[in-house]
Structure formats: structure tokens, C-alpha cells
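Remarks on the overall topology
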Amino acid sequence: MSQQVYQRVALIGLGLIASSMFWAIKRGGLVGEVTGYARSAETRDTARRIGLCDRVCDSAAEAVEGADLVVLCVPVGAMGPVMEQIRDALKPGATVSDVGSVKGHVIDVVAPLIPEGVHFVPAHPLAGTEHSGPESGFAELFDNRWSLLVPVEGSDPQAVARLRALWEGMGAHVDEMDADHHDLVLAVTSHAPHLIAYTMVGVADDLRRVTDSEVIKYSAAGFRDFTRIAASDPTMWRDVFLTNKEATLEILGRFTEELFALQRAIRTGDGDHLHDYFTRTRAIRRGIIEAGQDTAAPNFGRTSE
Ligand code: NAP
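A brief structural summary. The numbers attached to residues start from 1 for each chain and follow its sequence in the written order. Residues qualify for local features only when their pLDDT is at least 70, as the model is predicted, and side-chain atom pairs are given and counted only at 80 or more; totals for whole chains, interfaces and linings, by contrast, use all residues. Hydrogens and water are ignored here; the side-chain numbers use all heavy atoms of the structure.

1. Thoughts on the overall build of the protein chain
Across its full length, the protein chain holds 12 helices and 9 strands. We compute the radius of gyration from the C-alpha atoms alone; for a globule the expected value is 2.2 Å times N to the 0.38, where N is the number of residues. Whereas a compact globule of 305 residues would reach a radius of gyration of roughly 19 Å, the protein chain reaches 21 Å, a difference of no more than 12%. Counting across all 305 residues of the protein chain, residues that qualify as buried make up 41%. Note on contacts: a residue pair is in contact if any heavy atoms of the two residues lie within 4.5 Å. Here the contacts in the protein chain between residues at least 6 apart in sequence split such that 73% fall between residues at least 24 apart. Accessible surface area values rest on a Shrake-Rupley calculation with a 1.4 Å probe, where residue burial reflects the displayed protein chains alone. Of the roughly 16,200 Å² of accessible surface on the protein chain, 54% is carried by carbon and sulfur atoms. Averaging the locations of the 29 positively and 42 negatively charged side chains of the protein chain gives two centres separated by 4 Å. Only runs of H or I of at least four residues qualify as helices and only runs of E of at least two qualify as strands under DSSP, and these elements are numbered from the N terminus. Exposed residues in this analysis have more than 50% of their type's maximum accessible area, buried residues have under 20%, and partly exposed residues fall in between, with area computed by a 1.4 Å probe over protein chains only. Charged-residue counts in this description rest on Lys and Arg as positive and Asp and Glu as negative, His and the chain ends being excluded. Every charge is mapped to an atom, namely NZ of Lys, CZ of Arg, CG of Asp or CD of Glu.

2. So, the nonpolar core
As used in this record, nonpolar core signifies buried Ala, Val, Leu, Ile, Met, Phe, Trp, Tyr and Cys residues forming a set joined through side-chain atoms within 4.5 Å. Within the largest apolar cluster, 38 residues are counted, with the highest numbers of intra-cluster contacts made by L11, M21, F142, L163, L166, W167 and M170. Broken down by element, this core gets its largest block of residues, 7 residues, from helix α1 (residues 16–28). Leaving out residues up to four positions away in the same chain, L11 has contacts with A18, M21, F22, V34, T35, G36, Y37, C53, V71 and C73. In this structure, V106, V118, W237 and F241 belong to the second largest nonpolar core, which totals 32 residues.

3. Some details on the packing of aromatic side chains
Working definition: rings of Phe, Tyr and Trp (its six-membered ring) pair if their centres are within 6.5 Å, and the pair is stacked with planes under 30 degrees apart, edge-to-face with planes over 60 apart, and tilted otherwise. Under the defined criterion, the tally for this structure stands at 3 aromatic pairs. A ring pair is formed by F22 and W23, whose centres lie 4.9 Å apart and whose planes are at 70 degrees; its orientation type is edge-to-face. Think of it as a cone above the ring: NZ of Lys or CZ of Arg counts as a charge over the ring if it is within 6 Å of the ring centre and within 35 degrees of the ring normal. The ring of Y277 is capped by R280, whose NZ or CZ atom sits 5.1 Å from the centre of that ring.

4. Brief notes about the sheet that holds strand β1 (residues 6–12)
When DSSP finds two or more bridges between two strands, those strands count as paired. Read from one edge to the other, the open sheet built from 6 strands follows the order β3-β2-β1-β4-β5-β6, with strand pairing classed as parallel. At either end of the open sheet lies a strand with only one pairing partner, and these are β3 (55–56) and β6 (119–120). Where β1 lies against strand β2 (residues 31–37), 6 bridges are found, and the strand directions are parallel. Looking at the pairing, R8 lines up with E33 of β2. Packed onto the sheet, α1 meets β1, β2 and β4 (69–72) and runs at close to 165 degrees relative to β2. Only the stretch in contact is used when a helix axis is fitted, and all axes are lines through C-alpha atoms; the angle between N-to-C directions ranges over 0 to 180 degrees. Against the sheet, helix α4 (residues 79–86) contacts β1, β2, β4 and β5 (95–98), and its axis sits at roughly 150 degrees relative to β4.

5. Re the layout of surface pockets
What the second largest pocket holds in volume is close to 310 Å³. Considering the residues around the second largest pocket, the lining is formed by 13 residues, among which G104, D180, D183, N244 and E246 are closest to the centre. Under the grouping applied here, Gly and all other residues not named as nonpolar or charged are polar, the nonpolar ones being Ala, Val, Leu, Ile, Met, Phe, Trp, Tyr, Cys and Pro and the charged ones Asp, Glu, Lys and Arg. Here the residues of the lining of the second largest pocket are counted per class, giving 4 nonpolar, 4 polar and 5 charged. Each of domain 1 (6–177) and domain 2 (181–296) accounts for three or more of the residues forming the lining of the second largest pocket. For each structure, a 1 Å grid was placed over the protein atoms alone; sets of points admitting a 1.4 Å probe that cannot get out are labelled cavities, open sets with protein on both sides within 12 Å along at least five of seven lines are labelled pockets, and lining residues have an atom within 4 Å of a point. Grid points are joined across faces, edges and corners, and a volume is the space filled by probe spheres set on the points. Here the bounds of each domain stem from an automatic or database domain assignment.

6. A look at the sheet that holds strand β8 (residues 146–149)
Across the sheet, which stays open at both edges, the 3 strands sit in the order β7-β8-β9 with mixed pairing between neighbours. A strand with exactly one partner marks an edge of an open sheet, and here the two such strands are β7 (123–125) and β9 (173–176). Each strand of the sheet is rotated relative to its neighbour by a mean of 20 degrees, with strand direction disregarded.

7. Some words on the state of the cysteines
When two cysteine sulfur atoms are found within 2.5 Å, that pair is recorded as a disulfide. Considering all chains together, one arrives at 0 disulfides under this definition. C57 takes part in no disulfide bond, and the closest cysteine sulfur, belonging to C53, lies 8.5 Å away. Accessibility expressed as a relative area gives 1% for C57, which makes it buried. Distance from the sulfur of C73, which forms no disulfide, to the nearest cysteine sulfur (C53) is 9.3 Å. With relative accessibility at 13%, the residue C73 sits in the buried group.

In short, the description is geometric, and any link to function would need to be established separately.
Okay, structure coming up:
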């Protein structure tokens, strides 16, 4: 049964997250009309061709006109400049939200640009793939995944509740968190792991030259999973590291200490240390599966090799 949450929603930026939101919104019948805008004519043309958004506009200001909810779906470093383009066109009483992977920085640059009478409720869906662009989205992306709302001081409870209803309608579970906590948690669960994957793939690529491409040819599951993560959008991830600097550096510092301890255990033949460590990490994996956030199927449920 359809349950309309907003009359009109504008999606600014039409990549993986925005296109998935559009298809999930349509699936749930959650919004009367969805407008969309992307900066390049190429993306706008693609969106029109595949029916992404009810109306694709040629300016961000036109897209947000009359919208009850505006969602900024651009890289974190582009949130401020995009906000500058739309601020004068926002409808009084509208809510501005975003889906950026870093919250502290987005709040710092966007909140001061929010006009009087407009609500600001930052958000971050913890769902994604290594693909990007308008054709990469799908309605199920947020099903059973978390979407975190990060209300700022003075956020209107009704505006927060309505955004929560939209995310729930798109299939997500919703939690609220403050920005600093969000950025630290994400540094541990997403940002540092991405940097480690980028590094591992970079090291393998350097080695490839001495192993005559065997690294690629015989790439085993562990390395292949690193390459999938390291194929993520370069602009998005550059912005994540530039804007979640402190938390990422804090986690990388801890990571380096642990890595040195494991390195030392290998050097000194301390099997107990290694075994205890791997037993603890295995339990974490079990916890993730029990929480319904991944599959226990071998090889992440891949059916073909
Ligand atoms: P995406 O597929 O790469 O799409 C990005 C969109 O932003 C495109 O429409 C692009 O326009 C536009 N854009 C890029 N740079 C811009 C700029 N400087 N000014 C204006 N528009 C610009 O990205 P995405 O994966 O949907 O990510 C969007 C946001 O969601 C990011 O803030 C990211 O941190 C966050 N997020 C991503 C994931 C994930 O796993 N991918 C998960 C959760 C949250 P053109 O197409 O015209 O270039």
C-alpha cells in the first residue's frame, strides 16, 4: 500500500545513491513528484532516457522550486557549492537533507547557508556498491540497511520524523546519532578499511611488475574483495578522507599499532598471539551476520567463481 510522505522531493546529484533513492521511492509510492538535477548534461540526458526522476531539470534552483524535501546527493566536497546554488530557491518550510558519508564537515559548510524557516536534517545511508553514476542505482539498495539521521541543534522534530518515515519507506532501519560520533564510527567501519584496501591493491599493483601479472591471474578471494572496495569512486573517497581527517587518522594510528604487534608476533613465532587475535576477529564476523548485515554463505554468496 502506498504511503505518501512528501508531495515533492528534489534530488541534487544523480548518481548511485540518488538513483537508488528514486527507485525505492517509486517502489514504495512515497512521494508525489521527484525532480532531479545533475551538473553534467550527459548525466541529465541519461536520467531522462532511463526515466530516472519524474522531471529532470537543467538547473539545481529549478529542481528545488516548490520541493518539500531537497536531498543533496553529491560528493561531500561539493555540498557547500551546491547549497549556494539552491538556497534562494528553497520553499519556506522545506527540509534540506544530504546523504554524505561524512557529517561534521557537511554540517559545518551547509548549516550556515540554510535560510530562515528551512529545516536541515543531515543523513547518511550505510549502503552502497563500488559502482557510481545514474545507471548504477536499484530499489533494493537500502533494504534492511541502516540510515543514520544526524539532526543539528534545533532540528524540528516533525521534519526529522518525516525524513525518518521516508527512509523507512525505502526499506532502511533508522537511527539517530551526533556528527562527531558518526564520523568516528564510520572511520572504523568504512573509511579506514577503504584506505587499507586502496593501499593493498596499490602494493599488489607495484608487485605485479615483479611477478609477471600473477597477482591478477591467481587473485584469491581475499585480494579480490580488496580490489572491489578499491574500485570505489575516486572523487567520493578523496572527499571523505579530506573531510574526515581527524577520525580517520586516529583509527589509522591504532591500526598501525596493531599491525606492528601482529608483525612482531609473526617475527617472534608467537602463535598464541596470532590465534587469540584471529579468534576475536572471527567473533566480530559472526556478530555482523547475526545482526543481518551480511550473509554467512561461503564467498559472500557468490554463485560463480
Ligand atoms: P556518484 O554515483 O559518483 O554520483 C555523484 C553525483 O554528484 C553525480 O550526479 C555527479 O554529477 C554529481 N557531482 C559530482 N561532483 C560534483 C560537483 N563538484 N558539483 C556538483 N555535482 C557533482 O556518487 P554516489 O555514490 O551517489 O555518492 C553521492 C553521495 O553519497 C556522496 O556524498 C557519498 O559520500 C555518499 N554516499 C555514497 C555511498 C556509496 O557507497 N557510493 C554510500 C553512502 C553515501 P555528474 O554525473 O554530472 O558528474
